Amino acid sequence: MNPMRGRFITLEGIDGAGKSTHMPSLVQWVTQRGHQVLQTREPGGTELGEALRQLLLHQDMQVDTETLLLFAARAELVQAVIRPALERGQWVVSDRFTDASFAYQQGGRGVARAHLEFLENWVVEGLQPDLTFLFDLDPVTAQQRVQRASAKPDRFEQQGGTFFERVRAAYLERATRHASRFCVLPAAQPATHLWSLIEQQLSRRFP
Ligand code: TYD
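Residues numbered from 1 in each chain as written. Predicted model: local features only at pLDDT ≥ 70, side-chain atom pairs only at ≥ 80, totals over all residues. Heavy atoms only, no water.

**Q** Explanation requested: the overall build of the protein in the structure shown.
**A** Of regular secondary structure, the protein possesses eight helices and five strands. In the protein, the succession of helices and strands from N to C terminus is β-α-β-α-α-β-α-α-β-α-α-β-α. Compactness check: the protein gives a C-alpha radius of gyration of 16 Å against a globular reference of 17 Å for 207 residues, within 12% of the reference. Looking at the 207 residues of the protein, the share that counts as buried comes to 49%. (Helix = DSSP H or I, 4+ residues; strand = E, 2+ residues; numbered from the N terminus. Rg over C-alpha atoms; globule rule 2.2 N^0.38 Å. Buried < 20%, exposed > 50% of the residue type's maximum accessible area, 1.4 Å probe, protein only.)

**Q** Explain the site of the ligand here, please?
**A** Not every one of the 16 residues close to the ligand is listed here, only the nearest: Asp15, Arg53, Arg96, Ser101 and Gln105. Asp15 is positioned such that a nitrogen or oxygen atom in its side chain is 2.9 Å from an oxygen atom of the ligand. In the environment of the ligand, an oxygen atom lies 3.0 Å from a nitrogen or oxygen atom belonging to the side chain of Arg74. For the ligand, whose free accessible area comes to 550 Å², the fraction covered by protein is 87%. When contributions to the shell around the ligand are tallied by element, the ones reaching two or more residues are helix H2 (47-58), helix H3 (63-87) and helix H4 (98-108). The leading source of residues in the shell around the ligand is H4, at four residues. Classifying every residue of the shell around the ligand gives six nonpolar, two polar and eight charged. (Near = heavy atom within 4 Å. Polar contact = N/O pair within 3.5 Å; in protein donor to acceptor, adjacent residues only side chain to side chain. Areas by Shrake-Rupley, 256 points an atom, 1.4 Å probe, with all protein chains shown as cover. Nonpolar A, V, L, I, M, F, W, Y, C, P; charged D, E, K, R; others polar.)

**Q** Looking at this structure, I do not really get the sheet that holds strand E5 (residues 182-186). What am I missing?
**A** The strands making up a sheet associate through hydrogen bonds between their backbones, and the pairing can be parallel or antiparallel. Spatial ordering of the open sheet is given by E2-E3-E1-E4-E5, a layout of five strands whose pairing is parallel. For this open sheet the edge positions go to strand E2 (37-41) and E5, each flanked by a neighbour on one side alone. Adjacent strand axes in the sheet meet at a mean angle of 20°, parallel and antiparallel pairs treated alike. Note: E2 against strand E3 (residues 91-95), five bridges, orientation parallel. Paired with Leu38 across the two strands is Val92, which belongs to E3. Helix H1 (residues 23-32) contacts strand E1 (8-13), E2 and E3 of the sheet and is inclined by roughly 175° relative to E3. (Pairing = 2+ DSSP bridges. Axes fitted to C-alpha atoms, helices over the stretch in contact; angles between N-to-C directions. Contact = heavy atoms within 4.5 Å.)

**Q** Before we go on, may I ask you to explain the environment of Arg41 in this structure?
**A** Assignment of secondary structure puts Arg41 in strand E2. When the C-alpha atoms of Arg41 and Ala114 are compared, they prove to be 25 Å apart, with 73 residues separating the residues in sequence. Once you skip the residues sitting within four places of it in the chain, Arg41 turns out to touch Glu50, Arg53, Leu77, Ser94 and Asp95. Polar contacts involving the side chain of Arg41 include one to the side chain of Glu50, which spans 2.6 Å.

**Q** Which parts of the structure should I look at to understand the pattern of salt bridges?
**A** Opposite charge on two side chains permits them to pair, given that their charged atoms come into close proximity. In this structure the tally under the stated criterion is 13 salt bridges. With a closest N to O distance of 3.9 Å, Arg96 and Glu12 form a salt bridge. Of this pair, Arg96 sits in the loop between E3 and H4 while Glu12 sits in strand E1, and the two are 84 residues apart along the sequence. Classification of Glu12 as buried rests on a relative accessible area of 0%. (Salt bridge = Lys/Arg side-chain N within 4 Å of Asp/Glu carboxyl O.)

Next comes the structure, spelled out in structure tokens:
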């Protein structure tokens, strides 16, 4: 790895787990250590990606179409934004990344893991976060939080039944497979406690 390369940190979790709340503090933590930081999100993060996000969140489509559009947005983001930033030495923090596709599209929608691995190899070419915070929360509590927060739930937030149970399980399985870069957080805890856990991890991993 290029020794000047920046670090790549991602936030993951089911809808309503509360990951986005911690984004500003995370950006501030990195900035205070003298690094330039680029904040982004998935799907989105580029002009094209944000246009695809609108479709992904609000337009009915087939599961394969959804998967391919997510990876199309990711190709644009990785190749035009994330890789160049890391090469310049900037740190990148992203609200979701490829782990979300293994959780939502494989776990939630049932897309074959082999398809996702093929797309991941093609589009992401081995780029993995250095650290991933997984906000782990039971789907019932998460759903209550979503109902309080969004007046008009998007296509994913509208999923019922066992969808979020499967997404959560797939996230946890991914965390086990990639244990060295994952930090699983008990997202039912108060935000201040969660931030102190996050800060501990950051200090330990990036001394
Ligand atoms: P989200 O971070 O929840 O946006 P917001 O906090 O504004 O609601 O992301 C939007 C949705 O996209 C979320 O429900 C999960 C879904 N998603 C996937 O299904 N697969 C993916 O690979 C990504 C990146 C997101």
